[in-house]
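So the chains spell out like this:
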Amino acid sequence: MGALENSRERPRPHQPPHYCSGGVSVALIEPAGPHTARMWEETTDIRARIDALPFLAELGAGTLDPEKFTFYIQQDAQYLVAYQKTMTAIARQAPGADELRFWAKSAVGAIAEEKAMQEELFTNDILAAHRVEGLGMSLHTAAYSNFLLASATYDTYAVAAAAVLPCYWIYAESGVAVLDASKGALEGHPYGTWVEAYADETFTRISREAVQLVEEACDAAGEAERERAIEAFRQATRFEELFWTQPMDEPEARILI
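None of these values were measured; they are calculated from a predicted model. (Residues numbered from 1 in each chain as written. Predicted model: local features only at pLDDT ≥ 70, side-chain atom pairs only at ≥ 80, totals over all residues. Heavy atoms only, no water.)

**Q** Could you clarify how one ought to interpret the packing of helix 8 (residues 157-182) against helix 10 (residues 201-220) in this entry?
**A** For any two helices packed against each other, one specifies the inter-axial angle together with the distance between the axes. At their nearest, the axes of helix 8 and helix 10 sit 9 Å apart, and the two run at 155 degrees to each other. Here helix 8 is positioned roughly antiparallel relative to helix 10, judged by the angle of their axes. Classified by chirality, the crossing of helix 10 by helix 8 is left-handed. On helix 10, the residues that touch Tyr157, Ala158, Ala161, Ala162, Leu165, Cys167, Tyr168, Trp169, Tyr171 and Ala172 of helix 8 are Phe203, Ile206, Ser207, Ala210, Val211, Val214, Ala217 and Cys218. Grouping the constituent residues of the contact of helix 8 with helix 10 by class yields 17 nonpolar, 1 polar and no charged. (Axes fitted to C-alpha atoms, helices over the stretch in contact; angles between N-to-C directions. Helix = DSSP H or I, 4+ residues; strand = E, 2+ residues; numbered from the N terminus. Parallel < 35°, antiparallel > 145°, perpendicular 65-115°, else oblique. Left-handed = near helix turned anticlockwise from the far one by under 90°. Contact = heavy atoms within 4.5 Å. Nonpolar A, V, L, I, M, F, W, Y, C, P; charged D, E, K, R; others polar.)

As structure tokens, this is what we get:
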């Protein structure tokens with residue numbers, strides 16, 4: 001569930017994964033300071049599992065079962081409704097004009113951009129054949145959506161902004177990993193539209209700005225609030241993992257509400 005907004009440019013050239021000498025992946029988008037560095041460090045275990053997800057590997061290779069990808073896209077469309085409300089609520093709490101502009105643009109742009117991408121994907125007859133009219137929201141989608149809405153409604157600006165940060169940071173990192181799995185061969189790729197969107201330089205820039213805003217928000221917050229923000233980031237990262245694991249379940253095993 002990424003935060004697309006006017007990010008339709010040509011994808012970056014194929015590049016290898018980023019690793020340090022110990023074999024642990026290094027962030028494409030660097031932390032903006034000590035608070036976002038802690039968020040990155042304290043999600044090491046979750047991010048390692050995300051890096052190894054079959055869903056993302058098969059998505060990049062173009063071998064993902066179209067039914068599973070279609071289920072993912074349809075859940076993402078439902079999640080985006082809550083996401084837009086969350087961005088609007090965060091914008092209302094924004095401490096300054098620049099912050100307000102960023103979150104408001106996310107609220108306005110994300111739905112239109114992502115819907116356009118989804119409709120483009122469904123011009124593929126194979127994906128369209130797996131589209132389920134009136135598909136319910138899954139338990140994981142509902143839990144993630146309600147978590148973000150609750151954070152934006154009942155907690156502070158710093159906590160709410162940290163809760164939505166994985167929508168930018170984790171997606172930008174995973175987009176590059178998926179592009180790597182595709183080996184840059186997107187012509188004729190069944191999911192090339194998705195790969196192009198999230199492995200895009202503009203999306204990386206937007207995600208980097210989100211990291212900076214969260215760092216500044218945590219810097220201005222008290223210690224207890226910063227701890228809640230770091231925990232919110234960790235929980236949201238876990239929700240991102242679950243969102244990408246659920247399509248791999250057999251259809252009859254998925255819990256819809």
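Following the structure, the description resumes.
**Q** I keep staring at the pattern of salt bridges and nothing clicks. Help me out?
**A** Where charged atoms from two side chains of opposite charge approach closely, those side chains can pair. This structure, assessed with the given rule, holds 9 salt bridges. Glu42 is paired through a salt bridge with Arg38; the nearest N and O atoms lie 2.8 Å apart. Exposure remark for Arg38: the relative accessible area of 32% places this residue in the partly exposed category. Close ionic contact of Arg101 with Asp98 constitutes a salt bridge, the shortest N to O distance being 2.9 Å. With Arg101 and Asp98 both in helix 5 (residues 97-121) and 3 residues apart, the pair spans about one turn of that helix. Note on Asp98: relative accessible area 52%, which makes it exposed. (Salt bridge = Lys/Arg side-chain N within 4 Å of Asp/Glu carboxyl O. Buried < 20%, exposed > 50% of the residue type's maximum accessible area, 1.4 Å probe, protein only.)

**Q** What should I look at first to understand the nonpolar core in this one?
**A** Where a protein is soluble and globular, its nonpolar side chains tend to be buried together. Among the nonpolar cores identified, the biggest contains 77 residues, and Phe69, Trp103 and Trp194 are the most heavily contacted of them. If one sorts the elements of this core by residue count, helix 8 sits on top with 18 residues. Here Phe69 is in contact with Leu59, Leu64, Leu121, Leu127, Tyr191 and Trp194, once residues within four sequence places are set aside. (Core = buried A, V, L, I, M, F, W, Y, C linked by side-chain atoms within 4.5 Å.)

**Q** When you look at helix 7 (residues 139-154) in this model, what are you seeing that I'm missing?
**A** Taking 1.5 Å as the rise per residue, helix 7 with 16 residues should run 22 Å; its terminal C-alpha atoms sit 22 Å apart, in good agreement. For helix 7, every residue scored as buried is listed here: Thr141, Ala142, Tyr144, Ser145, Phe147, Leu148, Ser151 and Ala152. Buried residues along helix 7 sit in contact with helix 4 (66-93), helix 8 and helix 11 (223-245). (Expected span 1.5 Å × (residues − 1).)

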